[in-house]
Amino acid sequence: MPFGIVKYSSLPKDEGKPFAFIIYADKAKLSSFGRQKAYPVIARCANLPVGICNGEGFGGGRLVGWLPIVEEDRKYSGTQSFVNFKNVIWHESFKRLLKSIALLSKTGCWVMCWDNIKCLFYPLILILSADYEEQCVMALIRGTKCKCPCPVCLVPREELGNVLTSYPLRTSASVQATITEARSFSRQEDKEKLLMSQGLRDVDNAFSDVAHTDIHSAVSFDRLHFQKRIKSVGRQIQSEIDVHFDSMPRWRNINNFKHVMDISFSDGSKYEDISKLIIFAAHDVIDRGTHTLPYLLLRCIREYVNIDMYAALEVHTSETIAAGCLAITEFTQLLERYSAKDDSGKNWAYPKRHAYAHLFDDIEAKGATQNTNTKPNEKCHGPIRQIYLRGTNFKNIAEQVLRLDHCFLIAHSIRLDIEDYDDLIVSQKDPSWVQQQNEQTFAALEQEHASDNAFNRFRIKLANFLSDSLPAHGIPLPGGKRIKFMPDETVTEHRFVKVNYESIVDWRTATDYLRCSPSFHNFPRYDCVILQTQAGVIFGRLLMLFTCVVDGQTHPVALVHPYDALVGQRSLKDKHFQFWRIRQRPRISSKFFSVHSIIRGAALAEDHIIQGDYLVIDTIDTDMFLRMKVHKSAGHVE
């Protein structure tokens, strides 16, 4: 549990324990044109396992409040007094939400837990999950243009680009002392000068009512995006990049894009996925000699994605923390080189970049970033929007939305019970194979694929594979003789397999959903995999999944196109972008493997310059990211 910043010694000396809340607040558009907006507040319990806490069912995020949105007044909009007024409204409203826990945070409250044991809990705000703009409101600082724009530390505005230097940290106590001192001045000019020196607003903070809560420790890391800077390469290359994005392999939990260069997204997860994929889509159209600046920007993006992947790890060690800090250093150095050559006037010294200075301190204090991530909370905007559109009369909507949200929670509970029952039924069957096709004879199969070299001598090669592999696994051959299949014997094709593997990040079981189908959503899809062989670990592409029967026993087999041909010396570009390049063998070199040899799935991006070469997309998830780090450093995949 992420209680690093909560000192147990700060709680009363009894049997009390912290009951930690994660709070998220952000404006959301409810209508198509954004005329109707909402300001929901989402709360989560940090004491629960992250899978439950970040989930959508019971124990997950709940809509607990609805903040007012102050309409802009053209006469006063943008003035300091009007901005302060909006901040006062925000914090006075939030005080109403916190009223129920403010007193209990000081006295504690006894709760009968599920094991029938009463526990004394002290509620507190551990994490505030928000983007930079909301953090400024929560921490009551003046934003990007003030002298100290960071809600966590007192870094001067002109030093925001320097993420390798530490500056004094803000605390609620020190900020309150500064505000108290400023309020003691008789002259408004002296008061304003002191507040401006630290970028503070003269407003009482709602979170000061909750004991054991420090607002400046609670605000957490948020991400930045690079998409627009690639546009300097020109229309033709932008078009090619879009084509390459469209050709990227489909992968579960990764957005697929037909084009990205001329589209803006409101969904932060789409920007994240673009960042993960763009170097694989752009590297072979952005030349180091011709496009010096965009090429250098791609290197910056690669290091940025490295930071993002280290930040996303579900479990950290001292080694991953050190590697993440090194990635920040390398990213900073590359970005400085880019800034020195960029004559566009772009200022890279801004608060979201400076946030990296606190990233890994944040992780050590609060746990993995999945505890502070805004994405689970952003997902709550969708259901709220649907409630508004389908369940309200568009008048006085707050009460209607809150009431219907409670009704949907009950309905969701019933739905979960039904799904649990369905999962129980499915688990009683073979969970790995679905989409079973009709049986097919060897003769018909070989005739169907007569033009494909990968299926050459299919029946004979399969018999030889099983004759060698079965005894190696302690399975005797029928009658002690090598296997021979007759042309009229059959196999059963399958087009989907679930592969369970142990994640090297958190050592839990993860699952890949792999397709091997001539028509998946009207497109052929043949996923790639990592395979364990006697000689080591290789990559390959699934060509066919099937089961065959030998002596009454069914064996799951995969026909695979191996991608283990020698590549040769790594190019400078591959080193710059930290690519792991693999090369396919001739298609006639296809081999059979037991499905149990599949370690996990892999996403491979085609190199459009060197035919038959592919690049391992190591950014599809944290497990693949760490596996490839091991691969690059040790020469193999574990």
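Read on for a plain summary of the structure. (Residues numbered from 1 in each chain as written. Predicted model: local features only at pLDDT ≥ 70, side-chain atom pairs only at ≥ 80, totals over all residues. Heavy atoms only, no water.)

### Notes on the overall build of the protein
Along its length, the protein carries 20 helices and 19 strands. On the principal axes, the C-alpha backbone points of the protein span a range of 100 × 65 × 50 Å. Among the 638 residues that make up the protein, the fraction classed as buried is 49%. If you average the places of the 78 positive and of the 74 negative side-chain charges in the protein, the two averages end up 3 Å apart. (Helix = DSSP H or I, 4+ residues; strand = E, 2+ residues; numbered from the N terminus. Buried < 20%, exposed > 50% of the residue type's maximum accessible area, 1.4 Å probe, protein only. Lys, Arg positive; Asp, Glu negative; His and termini not counted. Charge placed at Lys NZ, Arg CZ, Asp CG, Glu CD.)

### Structural notes on the sheet that holds strand β7 (residues 118–129)
Strand order in the open sheet formed by five strands is β5-β4-β1-β7-β6, with mixed pairing between adjacent strands. If you trace the sheet from one side to the other, it starts and ends with β5 (62–66) and β6 (109–112), each paired once. Between one strand axis and the next, the sheet turns by 45 degrees as a mean value, whatever way the strands run. With five bridges connecting them, strand β1 (residues 17–25) and strand β4 (residues 40–45) associate as antiparallel partners. Bridged to Ile22 within β4 is Arg44. Packed on one face of the sheet, helix α2 (residues 80–102) meets β1, β4, β5 and β7 and runs near 150 degrees to β1. (Pairing = 2+ DSSP bridges. Axes fitted to C-alpha atoms, helices over the stretch in contact; angles between N-to-C directions. Contact = heavy atoms within 4.5 Å.)

### Let's talk about the packing of helix α5 (residues 172–183) against helix α6 (residues 188–197)
Angle between the axes and distance between the axes are the two parameters that describe a pair of packed helices. At a closest axis distance of 8 Å, the pairing of α5 and α6 adopts a crossing angle of 165 degrees. Taken together, the axes of α5 and α6 lie roughly antiparallel to each other. α5 and α6 meet at a crossing whose hand is right-handed. Mapping the contact onto sequence places Thr178, Ile179, Glu181 and Ala182 in α5 and Lys191, Leu194 and Leu195 in α6. (Parallel < 35°, antiparallel > 145°, perpendicular 65-115°, else oblique. Left-handed = near helix turned anticlockwise from the far one by under 90°.)

### Observations concerning a nonpolar patch on the surface
On the surface, Ile410, Ile414 and Ile418 cluster together into a nonpolar patch covering about 260 Å² of accessible area. Within the secondary structure, Ile414 sits in helix α16 (residues 397–427). (Patch = residues over 30% accessible without salt bridge, like charges linked within 9 Å, V, L, I, M, F, W, Y side chains within 5 Å. Areas by Shrake-Rupley, 256 points an atom, 1.4 Å probe, with all protein chains shown as cover. Salt bridge = Lys/Arg side-chain N within 4 Å of Asp/Glu carboxyl O.)

### Concerning the sheet that holds strand β19 (residues 613–616)
One open sheet accounts for three strands, arranged β15-β19-β18; its pairing is antiparallel. Whereas interior strands pair on both sides, the edge strands pair on one side only; in this sheet they are β15 (581–583) and β18 (604–606). Going from strand to strand, the sheet's axes swing by 40 degrees on average, the running direction of each strand aside. Pairing of β18 with β19 involves three bridges; the strand directions are antiparallel. Looking at the pairing, Leu604 lines up with Val616 of β19.

### A short note on the side chain of Gln578
For Gln578, the position within the fold is in the loop between α19 (572–576) and β15. There is a polar contact of 2.8 Å between the side chain of Gln578 and the side chain of Asn306. (Polar contact = N/O pair within 3.5 Å; in protein donor to acceptor, adjacent residues only side chain to side chain.)

### Brief notes about unusual backbone geometry
Despite not being glycine, Asn116 has its phi angle at roughly 65 degrees, a positive value. Locating Asn116 in the fold gives a position in the loop between β6 and β7.

### Here we look at the pattern of salt bridges
Overall, the coordinates contain 30 salt bridges when judged by the stated rule. A salt bridge links Lys276 to Glu272, with the shortest nitrogen-to-oxygen separation between them at 3.6 Å. Of the two residues, Lys276 and Glu272 are both situated in helix α9 (residues 268–282); the distance of four residues between them amounts to about one turn of the helix. When sorted by exposure, Lys276 lands in the same class as Glu272, which is buried. Its salt-bridge partner being Arg600, residue Asp623 comes within 2.8 Å of it at the nearest N-O pair. Of this pair, Asp623 sits in helix α20 (residues 622–634) while Arg600 sits in strand β17 (residues 598–602); the two residues are 23 residues apart in sequence, bridging distant segments of the chain. For the pair formed by Asp623 and Arg600, the shared burial category is buried.

### Topic: the environment of Asn377
Along the chain, the position of Asn377 falls in helix α14 (residues 375–378). A relative accessible area of 2% places Asn377 in the buried class. Placed 39 residues apart in sequence, Asn377 and Leu416 show a C-alpha to C-alpha distance of 20 Å. Other than its neighbours up to four places away in sequence, Asn377 contacts Tyr24, Ile42, Arg44 and Ser129.

### Focus on the packing of aromatic side chains
For any pair of aromatic rings, the description consists of the separation of the ring centres together with the inter-plane angle of the planes. In total, this model carries 24 aromatic pairs according to the counting rule given. Ring-pair connections join several aromatic residues into one group, and the members of that group are Phe442, Phe455, Phe458, Phe465, Phe485, Phe546 and Phe592. Positioned above the aromatic ring of Phe496, the side-chain terminus of Arg515 is 4.2 Å from the ring centre. (Phe/Tyr/Trp six-rings, centres within 6.5 Å; stacked < 30°, edge-to-face > 60°. Lys NZ or Arg CZ within 6 Å of the ring centre and 35° of its normal.)

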